[in-house]
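Tertiary structure, described
What follows is the residue order along each chain.
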Amino acid sequence: MDEEQVVKFVETYLKKKGFKQAELAFHDEVQHNSNANSVDIHSDPDLSLLLLSLSQSEDTPARYHEEYRKLRSWTHSSLDLYKPELLRVLYPVFVHCYMDLVAKGHIQEARTFFNSFREDHETVHSRDLQKLEGVLSPSHLEEMEFAHTLRQSKVNLKICQYSNELMMQYLRNTKSTMMLGIVNEHINFQVSPGQPSSISDDAEVVTLIGNSQDAANQINKKEIHWGLLEDSLEERLEKAGGLLSDSEKTEGDAKEGDLDETKKRSVEGGKQGASVKKLKKDKAASATAKVVRPETNTSSIAPRVKSELPLPVIPTEVEQSILEDLRNRVQLSSAALPSVSFYTFINTHNGLNCSSISQDGSLVAGGFSDSSLKVWDMAKLGQQSGNSVLQGENDTAPSEHVLGPNGVKRSYTLFQGHLGPVYSATFSPLGDFILSSSADTTIRLWSTKLNANIVCYKGHNYPVWDVQFSPLGHYFASASHDRTARIWSMDRIHPLRIMAGHLSDVDCVQWHANCNYIATGSSDKTVRLWDVQSGECVRIFIGHRSMILSLAMSPDGRYMASADEDGTIMMWDLSSGRCVSPLMGHNSCVWTLAFSCEGSLLASGSADCTVKIWDVTTSTKVTRTEEIKTGSANRLRSLKTLPTKSTPVYSLRFSRRNLLFAAGVLSKCK
């Protein structure tokens, strides 16, 4: 091999690997040094051996299998201190070895390689492996967006400096050129000084799908306005609250003879002065008033923004009712936890897919696999049976006035119209409407007053997993298997906006408090925030290791909570796009999240048959400096765990007065 052949070989190699800048630099160097002394390739044995190995055919499938097997054996035999970090490299290398074999047409060898090592990654990456298993030809690498994205982007891996040196030294010493090429082309090592971190300390160690971190960071620089709406009912109550608080304080003074103390509470309590009566009646709540006060001011501190959507007009009588609820709201904190009302579905025969609770807890809905939607009026249920157990037996009764098998009036209203299982249901803020989404690709609007279907919305091409009303009603958002989220209004049968960008199913959707944004959680393990007006993605949140199942927005609009299939809950700062704190405690899927009305507590319901209450004010006060010192975000434990006795929790809802409602299905009968 003469010098000209070497130059041509190096240029070809750089071009093949996509090192464009290196290729241009090398080409310039060759031109500028054309008269320099030539190098005798054969006089340098190391260089000669390297070029020989590189010039050998790279199409040998056995090399992928053998080099990966040796790398796997080496990582598993490494020192325990560095093993967790080194093991992280195996999964992305495994994925790209498989796709390289497919790209070169070695389909049978690719299948053999895949089946030989898939068990190593089944526990953490089972969903990704199912998608990867469908890549069976070179054309799939371009046609399937999942595979195409993996081929085009790099994986970010956090690793300490010594682990990085060990890895590179091993690959060079063993002349594992195939593995070295994959590492250089598809893995971006984020090297940090100091000791290695365990894999449990880092939620972003391996994120294969979605945009690269650089692209996500670029999107997260976009400006967002997370404040609350101007002239909201809460703001009106703040402005009028002073007079109301003064009158209540005067009454309290006459009763307790403690005028100075009452004035002090009113000043410190700010807009929550209307709850002074409650504080006086409850000494425990009074003792925790200092804890409550910082949270009570969060909405008043939040900036005010204008709505980008024409908002519906709230009737005067409804507005007065809401204001009354706000005045009588119970203030919650880490020392003053909410009362809980739990509704249990029984006899559902594994047919219940979802549940929803109205704002005041008076109505409970369940979506079933037989395509039916059933709504229980809790007042009538209490009159008839004296308990809060919801019978979910299969039948075709049109309303609660039809007699059941035992001659007793059924306690629910049956809504029929869908042609497939009902996967989601949501009540309007006033409880007069309910939306349901189904596997039949449609969304239906039902009237709880007329007990009838009003509209059928069509637009999605595949099953609709979730649907949610906006905080003020009229508008709603849907999430589907077709990888899109859509914005709708009740008076139009076609969507107003289509949000496309996720690489897999959009599993859940949630509105921002000011109605200008929606958040979507996906099976691609990312959460995205979308501008309702423009339809653009303005934030990408990367950190979860499994599909996102539920979302919740804080009342002040600054924070968002997301929960996944593994039971991990993450608190996000919308303005910066970073994770404030993971909340660890559940050991199974978290299906529902709900913030308390003042935003100090977060409730989570899980398939592990528990409801957990979290003090989120502690997590949001962690400073960036403290996070850097500790090396990762602080992990919080729940304040309270409420076991639900073999009843997985499907839905949670805080009423305007801060009573927590929960619904679940009895999975075991004793």
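Analysis parameters
Residues numbered from 1 in each chain as written. Predicted model: local features only at pLDDT ≥ 70, side-chain atom pairs only at ≥ 80, totals over all residues. Heavy atoms only, no water. UniProt positions renumbered as here; feature names shortened; annotations may be inferred. Helix = DSSP H or I, 4+ residues; strand = E, 2+ residues; numbered from the N terminus. Buried < 20%, exposed > 50% of the residue type's maximum accessible area, 1.4 Å probe, protein only. Contact = heavy atoms within 4.5 Å. Areas by Shrake-Rupley, 256 points an atom, 1.4 Å probe, with all protein chains shown as cover. Salt bridge = Lys/Arg side-chain N within 4 Å of Asp/Glu carboxyl O. Core = buried A, V, L, I, M, F, W, Y, C linked by side-chain atoms within 4.5 Å. Axes fitted to C-alpha atoms, helices over the stretch in contact; angles between N-to-C directions. Parallel < 35°, antiparallel > 145°, perpendicular 65-115°, else oblique. Nonpolar A, V, L, I, M, F, W, Y, C, P; charged D, E, K, R; others polar. Pairing = 2+ DSSP bridges. pLDDT = per-residue confidence, 0-100.

- With an unreviewed UniProt entry as reference, the chain is termed TFIID subunit TAF5 NTD2 domain-containing protein, source organism Hevea brasiliensis.
- Among the UniProt annotations of the chain, the heading Subcellular location (unreviewed entry) holds the following wording: "Nucleus".

Remarks on the overall build of the chain
- Counting its secondary structure elements, the chain contains 23 helices and 32 strands.
- Buried residues in the chain amount to 52% of all 670 residues.
- In the chain, 59% of the contacts between residues at least 6 apart in sequence involve partners at least 24 apart.
- A total of about 30,700 Å² of accessible surface is found on the chain, and carbon and sulfur atoms cover 51% of it.

Re the UniProt feature "repeat: WD" (unreviewed entry) in the chain
- The positions that UniProt labels "repeat: WD" (unreviewed entry) are, in the present scheme, residues 345-378, 415-447, 457-498, 499-540, 541-582 and 583-624.
- What you have in residues 415-447 is 0% helix and 61% strand, and the ends, taken at the C-alpha atoms, are 10 Å apart.

Quick look at the pattern of salt bridges
- Summed over the entire model, instances satisfying the criterion amount to 16 salt bridges.
- A salt bridge links arginine 69 to glutamate 66, with the shortest nitrogen-to-oxygen separation between them at 2.5 Å. Highlighted residues: arginine 69 and glutamate 66, both in helix 4 (residues 61-76), separated by 3 residues, approximately one helical turn.
- Since its relative accessible area comes to 32%, glutamate 66 is described here as partly exposed.
- Aspartate 325 is the salt-bridge partner of arginine 657, the closest N and O atoms lying 2.8 Å from each other.

Some details on the nonpolar core
- If you look at the biggest cluster of nonpolar residues, it comprises 42 residues, and the most contacted ones within it are Val93, Phe94, Tyr98, Leu171 and Met179.
- Top contributing element to this core by residue count: helix 6 (residues 90-103), with 10 residues.
- Phenylalanine 94 has contacts with Tyr68, Phe113, Phe114, Phe117, Arg118, His121 and Leu129, leaving out every residue within four places of it along the chain.
- If you look at the next biggest cluster of nonpolar residues, it comprises 19 residues, including Leu309, Met499, Ile518 and Ile540.

Comments concerning unusual backbone geometry
- Phi is positive for lysine 175, close to 55 degrees, though the residue is something other than glycine.
- Examined against the element boundaries, lysine 175 turns out to sit in the loop between helix 11 (161-173) and helix 12 (177-186).
- Using a relative accessible area of 45% as the deciding quantity, one classes lysine 175 as partly exposed.
- The backbone of arginine 483 shows a phi angle near 70 degrees, a positive value even though the residue is not glycine.
- By the element assignment, arginine 483 lies in the loop between strand 16 (475-480) and strand 17 (484-489).
- Take arginine 483: its relative accessible area is 32%, and that puts it in the partly exposed class.

Considerations on the packing of helix 6 against helix 12
- For the pair helix 6 and helix 12, the least separation of the axes is 10 Å and the interaxial angle reads 105 degrees. With respect to helix 12, the element helix 6 is oriented roughly perpendicular. Listed contacts from helix 12 to Val93, His96, Cys97 and Asp100 of helix 6 are Met179, Ile182, Val183 and His186.
- Of the residues in the contact of helix 6 with helix 12, the class split is 5 nonpolar, 2 polar and 1 charged.

Re the sheet that holds strand 21 (residues 526-531)
- The strand order across the open sheet built from 4 strands is 19-20-21-22, with neighbouring strands paired in antiparallel fashion. In the strand order of this sheet, the two ends are held by strand 19 (506-511) and strand 22 (537-542), each with one partner. Mean inter-strand twist for the sheet, computed between neighbouring axes without regard to direction, equals 20 degrees.
- Relative to strand 20 (residues 517-522), strand 19 runs antiparallel, the two being bridged by 5 bridges. Considered in strand 20, the bridge of glutamine 510 is made with alanine 519.

Section: the confidence of the model for the chain
- Of all residues in the chain, 75% have pLDDT values of 70 or greater, and the mean over the chain is 78.
- Across residues 242-297, where pLDDT falls below 50, the model places 60 contacts with residues more than four positions away in sequence or in other chains.
- Segment residues 623-634: pLDDT under 50, and 16 contacts once partners within four positions in sequence are set aside and those in other chains are kept.

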